[in-house]
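This is what each chain is made of:
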Amino acid sequence: MHLPSSRRGFLRTLAAMAAFIHAPRKSFAARSSAPNSARTLTGFGQTGNPYLELGVKPVINAQGTMTMLGGSLVPPEVEAVMGQAARHFVSLPELERAAGKRIAEMLKLPSGYSALVTSGAAGAIQSGLAGILTGDNESLIKQLPDLTGMKSEVIIQKSHRNPFDHQLRGTGVKLIEIETCEQLERAVSDRTAMMHFTNFANSLGQIKVEEWPKLARRHNLPCMIDAAADTPPVSHLWDYAHMGYDLITFSGGKAIRAPQCAGLLIGREDLVRFALLNNSPYEDTLGRGQKVGKEEIVGMIKALELYLNQDHDALNEEWQQRLETISREIQKIPGVSTSFFTPDIANHVPHMRIIWDGRIPLTARQVSETLRTGDPAIAVGAGEGLPGLAINSFMLEPGEDRIIAEELKKVLGNRSSA
Ligand SMILES: *Cc1c(COP(=O)(O)O)cnc(C)c1O
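The rules behind the values
Residues numbered from 1 in each chain as written. Predicted model: local features only at pLDDT ≥ 70, side-chain atom pairs only at ≥ 80, totals over all residues. Heavy atoms only, no water. Near = heavy atom within 4 Å. Polar contact = N/O pair within 3.5 Å; in protein donor to acceptor, adjacent residues only side chain to side chain. Areas by Shrake-Rupley, 256 points an atom, 1.4 Å probe, with all protein chains shown as cover. Nonpolar A, V, L, I, M, F, W, Y, C, P; charged D, E, K, R; others polar. Pairing = 2+ DSSP bridges. Helix = DSSP H or I, 4+ residues; strand = E, 2+ residues; numbered from the N terminus. Contact = heavy atoms within 4.5 Å. Axes fitted to C-alpha atoms, helices over the stretch in contact; angles between N-to-C directions. Salt bridge = Lys/Arg side-chain N within 4 Å of Asp/Glu carboxyl O. Buried < 20%, exposed > 50% of the residue type's maximum accessible area, 1.4 Å probe, protein only.

Moving on to the site of the ligand. Around the ligand, a shell composed of Thr67, Gly120, Ala121, Ala122, Phe164, Phe200, Asp226, Ala228, Ala229, Ser251 and Lys254 is seen. In this structure, Ala122 approaches the ligand through a main-chain N or O atom, which is 2.8 Å from an oxygen atom. Computed on the free molecule, the ligand has an accessible area of 390 Å², of which 84% lies beneath the protein chains in the complex. Partitioned by chemical class, the residues of the shell around the ligand number 6 nonpolar, 3 polar and 2 charged.

See below:
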């Protein structure tokens, strides 16, 4: 068997749940006790909450799409097609190619562009670069990360360095840091494989997102953009291809609400083909550890279909309303105030900052710890340079905004000396 048994169980649960996708959505409390699927299971999973059965407490997520917390929650329709996918064997390379073609059509990518479902944006970064380095040369593919006979450098702006460039370095390349256009000119050599851009760092670097692919073109170099968390807006799914980026990476397990272990490599057909050759299911490849299952591949397509058909304005309004529900309640506590903001890029969704004055003698860290270890456990953002807490609501399930308001009132209200 290729799938570990826990995974098979999970997929069986998915298959069972598929029959119930039209059931109305339940509140968090109702879901965590006994959803409909529990009726069909005995043993592990029979309570409807496998996490609680393992003694692992589920978390209400007001922090955002954190891989550490499970990415995002897939819509029931995505669960349903994943269950369908789990019932058949198929050729994985054939499925990947067909999925890429479908995704390119769905996103109306420029001609000559395709897509690959990867294990995530991180997997897309590594396989995308590996493909640039090896092309379709089988012995080079087997040789990575030994770069003998291949190009060996990737140019990146100093301010764009981030933990996910580990996936670039994983291919064996050296990152060449530059800051100015002049330094870029000097850094380009016959060792240069690619120019990499980190989208969330756009405002930090001297060379901006539209300029980078133009410079790459001038030097006849491929360029990649890591846009993992950069939907919404939905148009970002095709904007960077039209801007001239050769490879573009997105996470599935973020706002797109695809399976957590899915992502997208969008790009030039040849480079996407080379990336697949460096990835699972092919053995003796650098990317063999970044396995993508048939379930994730079809789940990614379904998630994209749903995401493209969303009323994004309405969704945004709903997210804002949830925050305002929380705001109204907690502002009743003397000393507490709230404000709203939306990051320009990456997690471009409504956020709320919660601050309090000296009447509440608690640090942001203390409040977030209390919420995180409480019952129910709630994850919020804290201690990120600015005072107070930062929360968002796009990963909340119905009713959880009220739960958060109640718990915040308990934690902040109890300590108020007013
Ligand atoms: C989340 C993230 C990644 C990794 O994405 P996965 O889909 O979890 O592999 C890479 N880069 C950035 C900027 C991210 O935010």
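With antiparallel pairing, 4 strands are arranged side by side in an open sheet as E9-E10-E13-E12. Each having just a single partner strand, strand E9 (336–341) and strand E12 (381–382) make up the two edges of the open sheet. Packed onto the sheet, helix H14 (residues 312–330) meets E9, strand E10 (351–356) and strand E13 (389–392) and runs at close to 165 degrees relative to E9. Packed on one face of the sheet, helix H15 (residues 364–372) meets E10, E12 and E13 and runs near 45 degrees to E13.

Moving on, we get to the pattern of salt bridges. In total, this model carries 19 salt bridges according to the counting rule given. Across the pair Arg191 and Glu153 runs a salt bridge, and its minimum N-O distance is 2.9 Å. One end of the pair, Arg191, is in the loop between helix H9 (181–187) and strand E5 (192–198); the other, Glu153, is in strand E3 (residues 153–157), with 38 residues separating them in the sequence. For Arg191, a relative accessible area of 42% corresponds to the partly exposed category.

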